[in-house]
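# Results of the structural survey
One-letter residues, chain by chain:
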There are 2 protein chains.
Amino acid sequence: MSVITIERKVLEKNDEVARQNRTLLADNGVFALNMVSSPGAGKTSILERTLEHLRGSLRVAVIEGDVQTDLDARRVAKYNVPAVQIVTRGGCHLEANLVRDALGNLDLKSVDLLIIENVGNLVCPSNYDLGEAMKVVVASTTEGDDKPLKYPAMFRNASVLILNKIDLLPYIPCTLHVLKENALKINPSLTVFETSCTTGQGIDAWCVWLTENARRKPAS
Amino acid sequence: MSVITIERKVLEKNDEVARQNRTLLADNGVFALNMVSSPGAGKTSILERTLEHLRGSLRVAVIEGDVQTDLDARRVAKYNVPAVQIVTRGGCHLEANLVRDALGNLDLKSVDLLIIENVGNLVCPSNYDLGEAMKVVVASTTEGDDKPLKYPAMFRNASVLILNKIDLLPYIPCTLHVLKENALKINPSLTVFETSCTTGQGIDAWCVWLTENARRKPAS
């Protein structure tokens, strides 16, 4: 009996549930994103800025994944959007069945855009399809420009890259174009945004992209 | 057959190998640390500053754990210390058997201090004993002051906390005393250091502590 076999079985089961989630989301015209990053890269801050920006134009819902606490869901709740908190109690990533249960708590007919904020972890969530339209990886400049090379799977499996905390570049040993080049070496088809949640820079462009994609209803 | 059972078996086997590593290290008078953090918190930078500082006073060896690339081992090699690179090829944490194999490549009789740099991941490495004397968790200020509450296991299982990147505090929404209080809420017995690898602040105190502990030979 090998651990690898078990892991594969777990992944196969996960992928089957993810397919069901994807169909459900498409049937309801929901554009769903799976947001992944290291802890503290700024997923929740980007989400807050996004909710503020899209208020009144898109109907957004949020699923918050955390190892422990509902701190993030409480931050999001201030923006008066439907939000479901998943606490994994030590689990290092979200799985499709947890998202399926969370979807059961949302009125999907009233949602244009669903943002799933995964557990802060640059390794494990890369293997788990949740049924999203695409993965968005957030890399903060303070993590250093070598991270795409050191954690390639996450950048390979993502469609969008948000380079966050660009306001801190003057104070840190990170070169933005090197960070971007390293990411594009791993995955040349990444759509890249550069943002700062402190100054608000880049949030407009990201929200324009979000709106265009959310209005283009996905086919089931 | 449940996944939880498999996981427990994996952990039991890991713990048995970890015990053997611990005995081997103690028999050779090696003080071993398992350094853990999120990606980009500054483990390798602290290591570089430490190697520079301890040069000529302590005999240090390094085991580098990475998901991919030998970038970190190459950074460390510049300091002329014995270094072994473990590439996990997607694996999200080091395990005791990988460290056992790495130990076989080191002349332990000639080592006072062994620093094992784990994969950048604030979740998974917390469960895996490698045979170290203690875990050192690095939390960078740029990750935000809420991280100990959101990723408690790592802070609970560590003995030492290094709060890194304190030079960036004027530019970011992180309050140092809140970060420290949150960590001590999870684990009141943490020994805490505050460092900046850019200014060198706090590296002295950390190296004094290291030297004292490395000279106090562990009993097997």
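Structure first, text after, so check above.
Residues numbered from 1 in each chain as written. Chains lettered and ligands numbered in written order. Predicted model: local features only at pLDDT ≥ 70, side-chain atom pairs only at ≥ 80, totals over all residues. Heavy atoms only, no water.

## Topic: the overall build of chain A
Heads up, the condition is: Counting from the N terminus, the helices are DSSP H or I runs at least four residues long and the strands are E runs at least two residues long. With the radius of gyration taken over C-alpha atoms, the globule rule is written as 2.2 Å times the number of residues to the power 0.38. Three labels apply to residues, based on accessible area from a 1.4 Å probe with only protein chains included: buried if under 20% of the type maximum, exposed if over 50%, partly exposed otherwise in between. Contacts are assigned to residue pairs with any non-hydrogen atoms lying within 4.5 Å of each other. The Shrake-Rupley method, run with a 1.4 Å probe, gives the accessible areas here. Residue values count only the displayed protein chains as cover. By the counting rule applied here, Lys and Arg register as positive and Asp and Glu as negative, while His and the ends of each chain are not counted. A charged residue contributes its charge at one atom only: NZ of Lys, CZ of Arg, CG of Asp or CD of Glu.
Counting secondary structure elements, chain A contains eight helices and seven strands. Against the 2.2 N^0.38 benchmark of 17 Å for 220 residues, chain A shows a C-alpha radius of gyration of 17 Å, consistent with a compact globule. C-alpha extents for chain A along the principal axes are approximately 50 × 45 × 35 Å. Burial statistics for chain A: of 220 residues in total, 57% are counted as buried. The contacts in chain A between residues at least 6 apart in sequence include a share of 74% that link residues at least 24 apart. If you sum the accessible surface of chain A, you get close to 9000 Å²; carbon and sulfur atoms cover 50% of it. Between the averaged position of the 25 positive side-chain charges in chain A and that of its 26 negative side-chain charges there is a distance of 1 Å.

## With respect to the pattern of salt bridges
All names here are of chain B. Here is the rule we go by: Here, a salt bridge means any Lys or Arg side-chain nitrogen found within 4 Å of an Asp or Glu carboxyl oxygen.
The final tally for this structure, using the stated rule, is 23 salt bridges over all chains. Put simply, Asp-129 and Arg-22 hold a salt bridge, and the shortest N to O gap is 2.7 Å. Separated by 107 residues along the polypeptide, Asp-129 in the loop between β4 (113-117) and β5 (134-140) and Arg-22 in helix α1 (residues 3-27) bring together distant segments of the chain. In this structure Arg-22 comes out as partly exposed when scored by relative accessible area, which is 33%.

## Considerations on helix α2 (residues 43-54) of chain B
Quick reminder of the rule: In this scheme, a helix's expected span is set at 1.5 Å multiplied by one less than its residue total.
Taking 1.5 Å of rise per residue, the twelve residues of α2 of chain B would be expected to cover 16 Å, and the 16 Å separating its terminal C-alpha atoms lies within 8% of that figure. Just beyond α2 of chain B, the residue with positive phi is Gly-56 of chain B, at close to 85 degrees.

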